[in-house]
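Coordinate inspection notes
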Amino acid sequence: MITKTAPIRSDKKPFEILTREDYSPVTYMLEVHHPQMARAAQPGQFVIVMSHATGERIPLTIADFDREKGTITLVIQAVGKTTMEMQQSCQVGTVLYGIAGPMGIPSHVSSAKKVVCVGGGLGVAPVYPQARAQKENGAYVIGVLGFRNKDLVFWEDKFRAICDELIICTDDGSAGIKGFVTDGIKQAIAKHPDIDEVVAIGPPVMMKASAQATRAAGIKTMVSLNPIMVDGTGMCGGCRVKVGESVKFACVDGPDFDGHQVDFDDLMVRLKRYKEEERVATERWSESCRMNGSPMATAA
Amino acid sequence: MAKKRTVRTIHQERTPVRELDPLIRARNFEEVNCGYTELEAIRESERCLFCPDPKCIAGCPVSVNIPDFIQKLGERDYRGAYDVITATNLLPAVCGRVCPQENQCEGVCTVGETLVSVAIGRMERFIGDLAITNGWINKPYIQPSRSTNGAPFKIGIVGSGPSGMACAADMAKAGCDVTVFEAFHEAGGVLRYGIPDFRLPNTVVDAEIEKLKQLGVKFECNVLVGRLFTIEQMIEEEGFHAVFIGTGAGYPTMLGIPGDSLNGVLSANELLTRCNLMRARDFPNVDTPLPLGKHVVVVGAGNTAMDALRVSKRLGAESVTCVYRRSKTECPARAEEVHHAEQEGIEFHWLSNPVEILSDGDGSVRAIRCIRMELGAPDDSGRRRPVPVPGSEFEIETDEVVYAIGTNANPIIGQTSKLKLNKRGYIETDNKLMTSIAGVFAGGDIVTGAATVIEAMGAGRKAARGMKAYLGIRDVGPIHRGATGDGRATSLFGIDAREHNFTRVRVAQ
Ligand SMILES: Cc1cc2nc3c(=O)[nH]c(=O)nc-3n(C[C@H](O)[C@H](O)[C@H](O)COP(=O)(O)OP(=O)(O)OC[C@H]3O[C@@H](n4cnc5c(N)ncnc54)[C@H](O)[C@@H]3O)c2cc1C
Ligand SMILES: Cc1cc2nc3c(=O)[nH]c(=O)nc-3n(C[C@H](O)[C@H](O)[C@H](O)COP(=O)(O)OP(=O)(O)OC[C@H]3O[C@@H](n4cnc5c(N)ncnc54)[C@H](O)[C@@H]3O)c2cc1C
Ligand code: SF4
Ligand code: FES
């Protein structure tokens, strides 16, 4: 893992990237200078980032914040045009075009005594601040993290430092237990009958499965939804999700909701809305990288 | 000659304005209304009767001295006309384009009783555009104002829509240190993200914002107030002496009928934001996508609906249909926009109400089912209430349904502060527009609910007056207006010229 850090200067630019770390070929971490945001950020909140003037506004969870250093940390998976392009362009010393936030209602850190914090794929980083807040609140924290294989594992040490127990799950068993996070959840429930709450963040299928896994035992399960967003301020309604009988805007009414109430199938269908355009954008971008002989093109 | 005897003979016909050809313009985003030329504006100015008791002024939400500016226009004293308008209206180039004049000044104009009323809006736009071309920023004399520690008062404005812009301008002119905070990455509010270029070009909004910058107003975009810092923190920790909240009413309403969440159903705000603010119409040269339906149905018939309809047409939809539950007479959009939409080939289904959106079986829209309505007895708003005609359901094939049926209060400020809100989530204020927190004012759509640009601007200025009174800054306007009965002609940007003899002034850079 290579960490690049900018030399310490007092004249940091707004939205400057101070540190970057690559966790895997598709996952990278950016530590961004934004003292006001670092002061305001709370677990469960996210930002809307624009990497350049003609870019898209994309939501990213505040995976960590350091109020003293005045930075926020984003952990990003390169899944499409914008996130792949940022993987290439967001180097230490460069600046993001815009960051707005912290958006969303902060996670409610309940008085739960025993909590399972589940992170899968791009949900691993976002669940970290919640796990830490639970720990600080005096809860017994069990971490369950899912990765495809050993090479993709990151932040294990960060989680170990704040979890009382940590279960790593990989699809191929190359690290921790073989299986999905739901297997980890089941293992935790079997061992601890007194779990008060589960917090699950990750791709919708994973959150859906996690909510299923806890439904029978009736354990309160909070999920953090990731619908497609534009403004993040409650203005467009693009992020609307079905929760129980009502329609909620994830950016201002969430993003945390009761997993047993969420209509995940609806969410998954809505996430496909721009599939064709996303494909076009990604292909076009990869093509332009090839033309420029950029090394990242193959990774895309 | 006119049948009715008037004091002098005027041109019977309203001077027409050049417009782009409907067939060509429906494919681009260029401004439809080309505006008056100098000669056309002068000809139109000759139609004004200069009524001794001008009804138009009373019809204008901010009481622009309309006959006065028309007279100056007619005398080719354009700069003078500009000064008259900007004494009360800070955004003539914007308002000339987007005000619903037919319900305001032009709706009550005396000429309109027998002929078509004087084209006040078009003349206002002519002057506003001329000011932009010539760079008249009305270099104002800024009244110095000092807080107790000797530094200028620090004013925070939340939201950069017309209400925020107006309040910012007035406070800057009162010598305050003004910062506007905007959640988006670009300033302008609805003028930027909502109203499309073919009605209000971005260059006009840019020019108005540039004028504010020249008055010393600072803009900070990407700042979501409430979440990055709260209103209370602005006052208690960040040293703002007063704050104005003009965050608009942008939370879109969905219909709440089956099929609401299908792909291809979206709010007009989403469509317009993607198209205007994010420039998705240039996708894939920009990154924000905007997949377009071939057959678009827009529900609603206000200005937002007209914009959604005409944007869809320009993006290349084969058919674009408006569905509205009342009749054309009740339609709340500006008359000119409905007229333009019709010219551009938009279909209208008046007296029709959606009951269900039908799926293609794969999560996307296939059709919209509507029911015919008829007008019954008048409701609270005085408009005749539409009632469904039993058994009259029909379907329209469509792959994209856009809701333009109104918006609610944005919840963020309410979620993050102790401000008193009313039942519907709008901010409560006193008659000076001060909220439940001392020093915090609010105005525009977040107080009244969705209204108009000119009303938002008027609210911003009213709040500025309240703010000045609250801070103890002397408001000189009323004194001079009172003394001469008409101080406007001798005032520069609302500040009486004679006041300069008595007050130490500095000139804005
Ligand atoms: C509240 C919230 C927090 C998020 N936090 C993170 C985070 O911390 N780290 C991270 O890597 N990603 C996060 N995401 C997802 C991230 O926003 C998307 O991956 C990103 O917008 C994809 O943009 P793109 O142009 O690279 O890919 P696109 O080409 O636009 O899309 C590629 C794939 O990503 C999916 N996708 C597109 N937009 C979203 C979206 N908004 N949410 C989920 N999937 C999407 C598409 O369905 C598609 O399959 C978050 C999303 C939300 C709503
Ligand atoms: C599509 C459309 C067409 C219209 N057409 C017309 C027309 O032709 N004529 C007419 O007179 N009126 C029209 N209107 C109505 C008119 O635009 C509004 O009444 C007017 O803009 C309201 O101004 P405002 O200052 O209250 O708020 P807005 O213009 O809504 O601006 C509010 C601003 O505050 C920002 N904001 C919100 N929350 C926060 C926060 N927490 N922190 C920081 N910033 C925040 C928003 O991003 C936005 O930029 C139209 C409206 C729409 C949507
Ligand atoms: S009411 Fe009409 S005619 Fe009379 S002053 Fe106003 S614009 Fe002129
Ligand atoms: S992202 Fe637009 S309303 Fe939530």
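Residues numbered from 1 in each chain as written. Chains lettered and ligands numbered in written order. Predicted model: local features only at pLDDT ≥ 70, side-chain atom pairs only at ≥ 80, totals over all residues. Heavy atoms only, no water.

Here we look at the overall build of chain A
- Secondary structure summary: chain A contains 10 helices and 17 strands in total.
- The C-alpha atoms of chain A give a radius of gyration of 19 Å, which matches the 19 Å a tight globule of 300 residues would have.
- Each principal axis of the C-alpha atoms in chain A carries an extent, and together these give about 55 × 40 × 40 Å.
- Sorting the 300 residues of chain A into buried and exposed places 58% on the buried side.
- Partitioning the intrachain contacts of chain A with sequence separation of at least 6 by distance along the chain shows that 64% fall at a separation of at least 24.
- Per element, the accessible surface of chain A, about 12,400 Å² overall, is 53% carbon and sulfur. (Helix = DSSP H or I, 4+ residues; strand = E, 2+ residues; numbered from the N terminus. Rg over C-alpha atoms; globule rule 2.2 N^0.38 Å. Buried < 20%, exposed > 50% of the residue type's maximum accessible area, 1.4 Å probe, protein only. Contact = heavy atoms within 4.5 Å. Areas by Shrake-Rupley, 256 points an atom, 1.4 Å probe, with all protein chains shown as cover.)

Focus: the overall build of chain B
- From N to C terminus, chain B includes 19 helices and 19 strands.
- Taken over 509 residues, chain B has a buried fraction of 59%.
- For chain B, the exposed surface amounts to about 20,300 Å²; the carbon and sulfur share of it is 50%.

Describing the site of ligand 2
All names here are of chain B.
- Close contacts around ligand 2 come from 35 residues, with Val98, Ser163, Glu182, Arg199 and Val225 the closest.
- The backbone of valine 98 places a nitrogen or oxygen atom 2.4 Å from a nitrogen atom of ligand 2.
- In the model, an oxygen atom of ligand 2 is placed 2.7 Å from a nitrogen or oxygen of the arginine 199 side chain.
- Contact with the protein chains hides 95% of the accessible area of ligand 2, taken as 1,000 Å² for the molecule alone.
- Mapped by element, the contributors of at least two residues to the shell around ligand 2 are helix 9 (162-173), helix 14 (303-314) and helix 18 (453-471). (Near = heavy atom within 4 Å. Polar contact = N/O pair within 3.5 Å; in protein donor to acceptor, adjacent residues only side chain to side chain.)

Thoughts on unusual backbone geometry
- Look at the link from Gly101(A) to Pro102(A): it is a cis peptide, with omega at -5°.
- Checked against the element boundaries, Pro102(A) lands in strand 8 (residues 98-103).
- We note that Ser63(B) has phi near 55°; this positive angle belongs to a residue other than glycine.
- If you trace the backbone, Ser63(B) turns up in the loop between helix 3 (55-59) and helix 4 (66-74).
- Even without being a glycine, Asn222(B) presents a positive backbone phi close to 60°.

What about the domain arrangement of chain B?
All names here are of chain B.
- What the domain assignment reports for chain B is domain 1 (22-134), domain 2 (154-250 + 409-484) and domain 3 (253-407).
- Here the C-alpha centroids of domain 1 and domain 2 sit 26 Å apart.
- Looking at the side of domain 1 facing domain 2, the largest losses of area belong to Leu90, Leu91 and Val98, adding up to 30% of the total buried there.
- There are zero salt bridges connecting domain 1 and domain 2.
- Along the contact surface separating domain 1 from domain 2 lie two residue pairs in polar contact (both at pLDDT 80 or more). (Domains from an automatic or database assignment. Buried area = accessible area lost by both parts, 1.4 Å probe. Salt bridge = Lys/Arg side-chain N within 4 Å of Asp/Glu carboxyl O.)

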